[in-house]
Amino acid sequence: MKRENYGASLYLRIVDELSNGSSNVILIDPDSTGIVALQARDGSPEDADPIFVNDPPIASARISIALDELSFSTGSRGTRLLWGFRRGMENPYNAGLDATTTNEFSIRENAASPSWFEAEFAGDGGLRSGLELGRDIGLEAGVAGLNLAHAEHRATMGARIEFHARNGAVTARSVLVDASGFAFDLAGHLVYAGGDYRGGIRLARKSALKRALKRLVRAIKNVIAEETARTPLLTRLAWADERTAFVAAGENFGVGEGARFYDLTQLEAGRHPTMFTVTRAYSRVASVAADGPFAVGDELASLEDGENPPDVRGGFQPLDTNSGYRIPAAGSPDSSLPATGLPGLVTLPYRIWRWTRYDQPFRYRGNSDRDAITVAVIDSGVDYNHRDLRKNIFLDEAIGSAGFDFISGDARAYDDYAHGTEVAGVVVGAAKNAGGTASRARILPIKIFTPFGITNSGAIYNAFDYAVRAGAKIIVTAWAAQVRSQALIDGIRLAEAHGCLVVASAGDRAVDLDREPQYPASFAREVSNLIVVAGADSSGAPLARANHGSDVSMYAPGFEIRVARPRGAYATNSHSGLAAGFVAGTLALGWSRCPGLSVFDTRDILLKTSNNHGVTGRELFAPLFLDEINRVCK
């Protein structure tokens, strides 16, 4: 598949649009990658110029255009998957800037499961159903199988346009456009007479990005036209004799009889400027009458009817505006309920029901402790409305919600799988969990997984960046992947640089991490702020399916733990992610008693007090840890 550099395409298309079929022609500075000036239209050949003027045009403003949003999303609301970047969410892993920072967790086509996180998301403990928001409709009859899939997608592009005036003033405008499309997949599988036959039909409208780019070019063109109309025309006094003077602008610049100019050169020199009035306009020049002294070569700036020149100290001031310019498309990715085609019609009632159940908005109750330690749970989301969790949820006042969903690109980090809610509940002692958990900690829900364990590198890196910016002291990653991720290690190092501990699950594939690395656990030898936790049973022995090896820092309860589940439910579950939650809660409790401790001091006390305990000799012993914290902080 051909990859397109949309930034370069945008620039070239803008140049082409303004050069051909536009009332303006651009002037390209050979020493710059930007659009520099607006030049003239073709002149009227009927009115020949009385003199020949070959003066180059004067740049009234330098124009820079930056592509600041490029995203492609499929589905809607709780099932939306977002690729690329939104404004304020760009990072090296979603901007496509170079080959070393690409998405490391792409959906694997024709795989039994698209997830790189099978241990957490392949079981039957989640909330998934066979009819997952129209993901597919399975019709099985005997030896024949037929699968029909339909998905809508939307491309969004945005740009920032800046007009840099000669006096340093900057006028900034932003544009945002979108376009929609669809994908349709029909696949059949038949086993007959010992043969295995597969076939399929695929149809996708892949033009969404191209149509969004076309709309963006048109929107930018309109903005340039608007700002050009507001910006004074700059020209120069090109020629003069004893009777007449000529300026290097005529009908090609829309200059007509009666147009007025002032001497910008004189104004910038601190002198009162001479005024010029056009007596006759030709094709590329105009004759003018002056009310004072002047010199050939002086730069002139145009005035509107009734407008006076600026103050001597004011200089050239273009009109400033920061208004956005948007070309909306039908529907909205946040509110639409796509129901195109048979799958949409069949599943629409189910979709509406599921959205109300699994994509709930945060209902803030104003009872969050602002002074408590913030623990970020990077997972499948959190049921922030659960009665055992809502008092502990971190409110992000900037977006008016609890955390963020980086896999969908919206402010609803609601859990539609249950894994994140289970871990968050253990951190704060929900569902009557005991064992040193932090009942006053604030949970920051950060969603990076769909119910099928799908994520991407851009979402992972943004999750760590968001947690750090929100002031989280502890980050919980209660999952493991088999692929080494540069985005993941960069996120952990970002947390390390900001004094933030990362508590990671060792994973649950029953493998030796020294021989078969799992991540983030196997990053423990590369960073100093990572604590790797494996689950233990009620006797303190490691869980049978828990990973092991030298990278495991300690063991904690992870067997038959009563946990909170989405929609106010409860269950009993066992996995190393719960053990990571216990350690994170214990750390938060200790840190709240001694907030002056550094991240490394707190880590060292935790590891020191866990030595020589339990079957493994490295088991969490919360009472001793808290006693040591109290002793150190006296």
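Residues numbered from 1 in each chain as written. Predicted model: local features only at pLDDT ≥ 70, side-chain atom pairs only at ≥ 80, totals over all residues. Heavy atoms only, no water.

1. Details of the confidence of the model for the protein chain
The test is simple: pLDDT is defined as a per-residue confidence score from the predictor, taking values between 0 and 100. Residues are treated as being in contact if the distance between any of their heavy atoms lies within 4.5 Å.
The pLDDT averaged across the protein chain works out to 77; a share of 71% of its residues lies at or above 70. Predicted confidence is poor over residues 313-347, with pLDDT under 50, and the contacts of this stretch with residues over four places away or in other chains come to 85 contacts.

2. Let's talk about unusual backbone geometry
Excluding glycine, most residues fall at negative phi; most peptide bonds, likewise, are trans. How we decide: A run of DSSP states H or I qualifies as a helix once it reaches four residues; a run of E qualifies as a strand once it reaches two. Both are numbered from the N-terminal end. A simple rule labels every residue: compare its accessible area, found with a 1.4 Å probe on the protein chains alone, to the largest value its type can have, and call it buried under 20%, exposed over 50%, or partly exposed in between.
Here the residue pair tyrosine 519 and proline 520 is connected by a cis peptide bond, since its omega of 15 degrees sits within 30 degrees of zero. As for its placement among the helices and strands, proline 520 is situated in the loop between β20 (501-505) and β21 (530-536). Even without being glycine, alanine 510 reaches a positive phi, approximately 55 degrees. Mapping alanine 510 onto the fold places it in the loop between β20 and β21. We classify alanine 510 as partly exposed; its relative accessible area is 41%. Even without being glycine, arginine 567 reaches a positive phi, approximately 65 degrees. Relative to the helices and strands, arginine 567 is located in the loop between β23 (561-565) and β24 (569-573).

3. Regarding a positive patch on the surface
What counts is decided by this rule: Patch membership requires more than 30% relative accessible area and the absence of a salt bridge. Residues of like charge join within 9 Å; the nonpolar side chains Val, Leu, Ile, Met, Phe, Trp and Tyr join within 5 Å. Working definition of accessibility: Shrake-Rupley area with a 1.4 Å probe, residue cover restricted to the visible protein chains. For this document, the term salt bridge refers to a Lys or Arg side-chain nitrogen within 4 Å of an Asp or Glu carboxyl oxygen. Positive charges are assigned to Lys and Arg, negative charges to Asp and Glu, while His and the chain termini are left out of the count. Note on charges: their place is set at NZ of Lys, CZ of Arg, CG of Asp or CD of Glu.
A surface patch of like charges, here positive, comprises Arg363, Arg387, Arg390 and Arg562. For arginine 562, the location among the structural elements is in strand β23. With a relative accessible area of 41%, arginine 562 lands in the partly exposed category.

4. Digging into the nonpolar core
The line we're drawing: The term nonpolar core refers to a set of buried residues drawn from Ala, Val, Leu, Ile, Met, Phe, Trp, Tyr and Cys, joined through side-chain atoms within 4.5 Å.
With 52 residues, the main nonpolar core has Val375, Ile443, Ile474, Val533, Val583 and Leu587 as its most contacted residues. Here the element with the most residues in this core is helix α9 (residues 576-593); it accounts for 10 residues. Those residues in contact with valine 533 that lie beyond four places of it in its chain are Val503, Ala504, Ser505, Ala506, Met554, Tyr555, Ala556, Ser576, Ala579, Ala580 and Val583.

5. Observations regarding the pattern of salt bridges
Within the structure shown, the criterion is met by 16 salt bridges. With a closest N to O distance of 2.9 Å, glutamate 226 and arginine 173 form a salt bridge. Placement of the pair is glutamate 226 in helix α3 (residues 208-230) and arginine 173 in strand β7 (residues 170-192), with a sequence separation of 53 residues. Aspartate 465 serves as the salt-bridge partner of arginine 469, at 2.8 Å between the closest nitrogen and oxygen. With arginine 469 and aspartate 465 both in helix α7 (residues 457-469) and four residues apart, the pair spans about one turn of that helix. Bridged by salt links that share partners, the residues Arg173, Glu226 and Glu227 form one connected network.

6. What to know about helix α6 (residues 419-428)
With 10 of 10 residues buried, α6 is to be regarded as a mostly interior element. Of the residues making up α6, those classed as buried are His419, Gly420, Thr421, Glu422, Val423, Ala424, Gly425, Val426, Val427 and Val428. Downstream of α6 by a residue or two, glycine 429 has a phi angle that is positive, lying close to 75 degrees.

7. Side note on the state of the cysteines
For clarity, the cut-off: Any two cysteine sulfur atoms within 2.5 Å of one another count as a disulfide.
Going through the model one piece at a time under the given rule, you end up with one disulfide. The disulfide that involves cysteine 594 links it to cysteine 633, with 1.5 Å between the sulfurs. For the disulfide bridge between cysteine 594 and cysteine 633, the dihedral angle about the S-S bond is near -110 degrees, and by the sign convention the bridge is left-handed. Taken together, the residues cysteine 594 in the loop between α9 and α10 (599-610) and cysteine 633 in the segment after α11 (622-632) connect sequence positions 39 residues apart. Overall, the relative accessible area of 11% leaves cysteine 594 in the buried class.

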